[in-house]
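Okay, here's what each chain looks like letter by letter:
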Amino acid sequence: FIIMAGGESMTFGEARDEAADVAGLLNELEVQPGDRVAVMLHNGLDFIRAWAGIARLGAVMVALNTELVGSILQSQIERSKARIAIVGERCLQSFSEANQTSSGGYSVEKILIAGVFDDATHTPNPTAGVQRMQFSEWREAKPYVGEFAKPSDIACILYTSGTTGP
């Protein structure tokens, strides 16, 4: 079904099963159909898993550009109204900094980290008030067996780029 340039691959059956597992993890974290989930991942199978799992649940993926930082990223995180995010380890620092609101709170309450992350090597820690867990916990989740999304449901929000900024 999918063969990545680096050699990783996924069959149709694996994609179906892993999407159900990711949807199950998100559902365990109280994500419901129609809820928004921010995703800031580089190309790879974890991106496919996140995309397919969010869609399987009937939630809305908010795709964030992995090169964004600062106020433009902060604006997109806030406007997305996502309570949970799936973020790659290479994007975690910039996402975490942009996740802080002007009032001192956080836009996203839970971050699922894709890849290896060690708090000791990332300072300062701008996510101290945010729950963090490994995205790989989808492997242990109970598969989601709820209804599929309808063709009329929103599947993804993708902010476009341009010269106008936020």
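Here, every reference points to the structure presented above.
Residues numbered from 1 in each chain as written. Predicted model: local features only at pLDDT ≥ 70, side-chain atom pairs only at ≥ 80, totals over all residues. Heavy atoms only, no water.

Sorry, what's going on with the sheet that holds strand E8 (residues 156-158) here?
What holds strands together in a sheet is hydrogen bonding between their backbones, with the strands either parallel or antiparallel. The 6 strands lie next to each other as E7-E6-E5-E3-E4-E8, forming an open sheet whose pairing is parallel. For this open sheet the edge positions go to strand E7 (131-134) and E8, each flanked by a neighbour on one side alone. Averaged over all adjacent pairs, the angle separating strand axes in this sheet is 25°, with direction ignored. (Pairing = 2+ DSSP bridges. Helix = DSSP H or I, 4+ residues; strand = E, 2+ residues; numbered from the N terminus. Axes fitted to C-alpha atoms, helices over the stretch in contact; angles between N-to-C directions.)

Just to check I follow, could you spell out the environment of Glu 18 for this structure?
Tracing the backbone through its elements, the reader meets Glu 18 in helix H1 (residues 12-28). Taking C-alpha positions, Glu 18 is 10.0 Å from Arg 56, a pair spaced 38 residues apart along the chain. Not counting residues up to four positions away in its chain, the partners in contact with Glu 18 are Met 10, Arg 49 and Trp 138. (Contact = heavy atoms within 4.5 Å.)

What is the right way to read the environment of Ser 103 from this model?
Inspection of the secondary structure puts Ser 103 in the loop between helix H4 (92-98) and strand E6 (110-114). We classify Ser 103 as exposed; its relative accessible area is 69%. Of note is the side chain of Ser 103, whose polar atom sits 3.1 Å from the side chain of Thr 101. (Buried < 20%, exposed > 50% of the residue type's maximum accessible area, 1.4 Å probe, protein only. Polar contact = N/O pair within 3.5 Å; in protein donor to acceptor, adjacent residues only side chain to side chain.)

What am I meant to see in helix H3 (residues 70-80) here?
Because the α-helix completes a turn every 3.6 residues, residues three or four places apart line up on one side. Buried within H3 are the following residues: Leu 73, Ser 75, Gln 76, Ile 77 and Ser 80. On its buried side, H3 packs onto strand E3 (36-40), strand E4 (60-63) and H4. The positive-phi residue at the C-terminal boundary of H3 is Lys 81, with phi of around 65°.

Even after reading the chapter, I still don't get the pairing of strand E5 (residues 84-88), so can you show me in this structure?
Along any regular strand the residues' side chains alternate between the sheet's two faces. Along E5, 5 of the 5 residues are buried, which leaves the element largely enclosed by surrounding structure. Neither face of E5 is exposed, since Ile 84, Ile 86 and Gly 88 on one face and Ala 85 and Val 87 on the opposite face are all buried. By the bridge criterion, 4 bridges tie E3 to E5 in an arrangement that is parallel. Bridge pairing in E5 links Val 39 to Ile 86. Judged from the 5 bridges that link them, E5 and E6 form a sheet pairing that is parallel. By the bridge assignment for E6, Ile 86 is matched with Leu 112. The parallel pair E5 and E6, bridged by H4, forms a crossover whose chirality is right-handed. (Right-handed = clockwise from strand over helix to strand, strands pointing away.)

Help me understand unusual backbone geometry in this model?
Both trends apply: most residues other than glycine have a negative phi, and most peptide bonds are in trans. With a phi angle near 70°, Glu 30 is a residue other than glycine that sits in the positive phi range. Mapping Glu 30 onto the fold places it in the loop between H1 and E3. The phi angle at Lys 81 is positive, at roughly 65°, despite the residue not being glycine. As for its placement among the helices and strands, Lys 81 is situated in the loop between H3 and E5. You can call Lys 81 exposed: its relative accessible area is 64%.

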